[in-house]
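Secondary and tertiary structure notes
The chain contents come next:
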Amino acid sequence: MTDINVTRSTFDEVMVPLFAPANFVPDRGLGSRVWDTEGRDYVDFAGGIAVTALGHAHPELLKVLHDQGQKLWHIGNGYTNEPVLRLATRLTNLTFADRAFFANSGAEANEAALKLARRYAVDNTGPEKVEIISFTQSFHGRTLFTVSVGGQPKYAEGFGPTPQGITHLPYNDLAAARAAIGPQTCAVIVEPVQGEGGVLPADPAFLQGLRDACDQHGALLIFDEVQTGVGRTGSLYAYMGYGVTPDILTTAKALGNGFPIGAMLTTDKIAAHFKVGVHGTTYGGNPLGAAIADKVVELISDPAVLEGVQQRSDAIKAHLKRIDECFSVFKEIRGKGLLIGAELADAYKDRAKDVLNAAAKHGVIMLIAGPNVLRFAPSLIMPMADLDEGFARIEKAIADVAH
Ligand SMILES: *Cc1c(COP(=O)(O)O)cnc(C)c1O
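For clarity, every value in this text was computed on a predicted model and none was experimentally measured.

Rules behind the numbers
What you see as residue numbers is a count from 1 along each chain, following the sequence as written. With pLDDT at 70 or above as the cut-off, local features in this predicted model cover only qualifying residues; side-chain atom pairs require 80 or more to be listed or tallied, and sums for whole chains, interfaces and linings still use all residues. With hydrogens and water excluded, all non-hydrogen atoms of the structure serve as input to the side-chain values. Helix numbers and strand numbers start at the N terminus; a helix is a DSSP run of H or I with at least 4 residues, a strand a run of E with at least 2. For the radius of gyration, the atom set is restricted to C-alpha positions; the globular benchmark scales as 2.2 Å times the number of residues to the power 0.38. In this scheme, a residue with accessible area under 20% of its type's maximum is buried, one over 50% is exposed, and one in between is partly exposed, where area comes from a 1.4 Å probe on protein chains only. Residues are treated as being in contact if the distance between any of their heavy atoms lies within 4.5 Å. Two distance rules govern patches: like charges are joined within 9 Å, and nonpolar side chains (Val, Leu, Ile, Met, Phe, Trp, Tyr) within 5 Å, applied only to residues with over 30% relative accessible area and no salt bridge. Each accessible area is a Shrake-Rupley result for a 1.4 Å probe, and residues are judged covered by the shown protein chains and nothing else. One speaks of a salt bridge when a side-chain nitrogen belonging to Lys or Arg is within 4 Å of a carboxyl oxygen belonging to Asp or Glu. Under this scheme, a helix contributes an axis fitted over its contacting stretch, all axes are lines through C-alpha atoms, and angles between N-to-C directions fall in the 0 to 180 degree range. Just so you know how the angles are binned, under 35 degrees is roughly parallel, over 145 roughly antiparallel, 65 to 115 roughly perpendicular, and the rest oblique. Throughout, a crossing is termed right-handed when the near helix is turned clockwise from the far one, and left-handed when it is turned anticlockwise from it by less than a right angle. Under the grouping applied here, Gly and all other residues not named as nonpolar or charged are polar, the nonpolar ones being Ala, Val, Leu, Ile, Met, Phe, Trp, Tyr, Cys and Pro and the charged ones Asp, Glu, Lys and Arg. UniProt positions are given in the numbering used here, feature names are shortened, and annotations may be inferred rather than shown by experiment. The criterion for a disulfide is a pair of cysteine sulfur atoms lying within 2.5 Å. Pairing between strands is defined by DSSP: at least two bridges between them are needed. For the purpose of charge, His is not counted, nor are the chain termini; Lys and Arg are scored as positive and Asp and Glu as negative. Nearness of a residue to a molecule or strand requires only that one of the residue's heavy atoms be within 4 Å of it. Two N or O atoms form a polar contact when they lie within 3.5 Å of each other; inside protein one atom must be a possible hydrogen donor and the other a possible acceptor, and for residues adjacent in sequence the pair counts only when both atoms belong to side chains.

**Some details on the overall build of the chain**
The secondary structure content of the chain amounts to 14 helices and 17 strands. Computed over C-alpha atoms, the radius of gyration of the chain comes to 21 Å, within 12% of the 22 Å expected from 2.2 N^0.38 for 403 residues, which places it in the range of a compact globule. Oriented by its inertia axes, the alpha-carbon framework of the chain measures out at about 60 × 55 × 45 Å. Here the chain holds 403 residues, and 54% of them are scored as buried. Relative to all contacts within the chain whose residues are 6 or more apart in sequence, the contacts with residues 24 or more apart total 70%.

**Description of a nonpolar patch on the surface**
Residues V16, L18 and F19 make up a contiguous nonpolar surface patch of roughly 390 Å² in combined accessible area. The exposure class of F19 is exposed, given its relative accessible area of 61%.

**Digging into the packing of helix α13 (residues 352–361) against helix α14 (residues 384–402)**
If you want to describe how two helices pack, look at the angle between their axes and the distance between the axes. Running from amino to carboxyl end, α13 crosses α14 at an angle of 130°, the nearest separation of the two axes being 8 Å. Considering the angle they form, α13 stands oblique to α14. Relative to α14, α13 is oriented so that their crossing is right-handed. Mapping the contact onto sequence places D354, V355, A358 and A359 in α13 and A397, I398 and V401 in α14. Among the residues making up the contact of α13 with α14, the classes are represented as 6 nonpolar, no polar and 1 charged.

**Some words on the UniProt feature "binding site: N(2)-acetyl-L-ornithine" (unreviewed entry) in the chain**
Sites flagged by UniProt as "binding site: N(2)-acetyl-L-ornithine" (unreviewed entry) map to R142 and T281. Tracing the chain through its elements places R142 in the loop between β5 (131–135) and α6 (144–149). In contact with R142, other than residues within four places in its own chain, are A107, V147 and Y155. Inspection of the secondary structure assignment puts T281 in the loop between α10 (268–271) and α11 (287–300). Apart from the residues lying within four places of it in its own chain, the contact partners of T281 are N77, F101, F102 and N104.

**What to know about the state of the cysteines**
Under the defined criterion, the tally for this structure stands at 0 disulfides. C214 provides the cysteine sulfur closest to C186, a residue in no disulfide bond, and the two sulfurs are 9.8 Å apart.

**What to know about the sheet that holds strand β13 (residues 330–336)**
Strands pair in a sheet through their backbones, by hydrogen bonds, and they do so in one of two ways: parallel or antiparallel. Here we have 4 strands laid out as an open sheet, ordered β13-β14-β17-β16, and antiparallel in their pairing. Strands at the two margins of the open sheet, each flanked by one partner only, are β13 and β16 (367–368). Of the strand pairs in this sheet, strand β14 (residues 339–344) and strand β17 (residues 373–376) are connected by 4 bridges, and their pairing is antiparallel. Counterpart to A342 in the pairing with β17 is L374.

**Notes on the environment of D386**
Position of D386 relative to the elements: it lies in helix α14. The class for D386 is buried, based on a relative accessible area of 11%. Along the backbone, D386 and V43 are 343 residues apart, and their C-alpha atoms lie at a distance of 6.6 Å. Not counting residues up to four positions away in its chain, the partners in contact with D386 are S32, R33 and V43.

**Quick notes on the side chain of R118**
Tracing the chain through its elements places R118 in helix α5 (residues 106–124). Although buried, R118 forms no salt bridge, and the nearest oppositely charged side chain, E111, lies 9.0 Å from it. In this structure, R118 is in contact with V130, I132, F145, Q164, G165, I166 and C186, ignoring residues within four places of it in sequence.

**Some details on the site of the ligand**
Near the ligand the following residues occur: S105, G106, A107, N110, F139, H140, G141, E191, D224, V226, Q227 and K253. Interatomic distance of 2.8 Å between a backbone N/O atom of G106 and an oxygen atom of the ligand. Note that an oxygen atom of the ligand is positioned 2.8 Å from one of the backbone N or O atoms of A107. In isolation the ligand has 380 Å² of accessible area, and contact with the protein removes 82% of it. By residue number, the principal contributor to the shell around the ligand is α5, which donates 3 residues.

**What to know about the UniProt feature "binding site: pyridoxal 5'-phosphate" (unreviewed entry) in the chain**
The UniProt entry lists G106, A107, F139, D224, E225, V226, Q227 and T282 under the feature "binding site: pyridoxal 5'-phosphate" (unreviewed entry), expressed in the numbering used here. Spatially, the listed residues are scattered: they cover 177 residues, and their C-alpha atoms lie as much as 24.8 Å apart. Along the polypeptide, F139 turns up in the loop between β5 and α6. According to the relative accessible area criterion, F139 is buried, its value standing at 19%. Discounting residues that sit within four places of it in the chain, F139 has contacts with Q152, Y155, E191, E196 and D224. On the secondary structure map, T282 appears in the loop between α10 and α11. For T282, a relative accessible area of 54% translates into the label exposed. Ignoring sequence-local partners within four residues, the contact set of T282 consists of H74, G76 and N77.

Here it is in structure tokens:
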């Protein structure tokens, strides 16, 4: 098939060493199963980090990829295209938003959101209204602006001067937020469920309180739904389940089911501050990505798919409880829909990676969220038989770690 022979160890020779991938090499996937280059099979509870929400090789997505692939992949933003106009129409019909901007990743969607919020405040009020409030442990991406806004300082250290005017507050602490949000605040950015930070859902009163404080001081409320969006929590977007509407919403990860695409959604009034040339992208809104995302959103916004998220969520939580009754490994099981975290008990402190490695040996692809939390973000349409089989394997992995 190809003239270049590669193995896992090639990674250590030719790749910039930013990642420490597992010692097997995934080769193909179907639904919630993945096979490695040796032909071993894995049950996939990671979904490529909450990305492949319709599983691998979904036939309807393959058809769109093939059909659009034969027509037009890329044309540049000097021209528009029908797939991107359909996707924007679908997203604005389904959400609070009137307008969409497309990028290629979550970080880029957030970068656009933060720049838009700054521009809106500077246009409307003046250069003093630039403060961005975000929360400790939050994750918003890896550009220099988004790591500076994110609440994990280690990601912003060692890169020289970072953007200024950013305040970090404790998550779910409404009193602290009320005290900090003022006339100088241009935006508050928050994940409805902190994903990378440990799968921590926001209290409904916290999000509502942020909404009220933003309204009081003319600040924009940005929901980073890069991980929680596109059905992950059982609502098309998590804000719908919370009943708190942001001014700007960012979405990526599951939006393309693995084809890189991100979006920023907002209102007419706010979007008017991004005039021609003020911001931009080469690939964003390309017809191939847009056609795929349009099909993803069409399929996931089906009420039957969203209801299925809750069923699978209940099943995973029941399995985790049962495993905990046998091994007393968990301190807390939490999360929303199919973004579930199981925090390890003190006796297993810092051993999430050991569980992940043991799970791989038993044929399970898992995720962690920090050193103490096992994270589950599988396909929203994971077959129940795969879910049960996966947990039979996870139970063996936990037994290995426990003994
Ligand atoms: C993954 C993630 C991002 C970054 O997305 P990329 O596509 O990796 O740039 C931003 N915010 C949240 C909440 C995420 O989970």
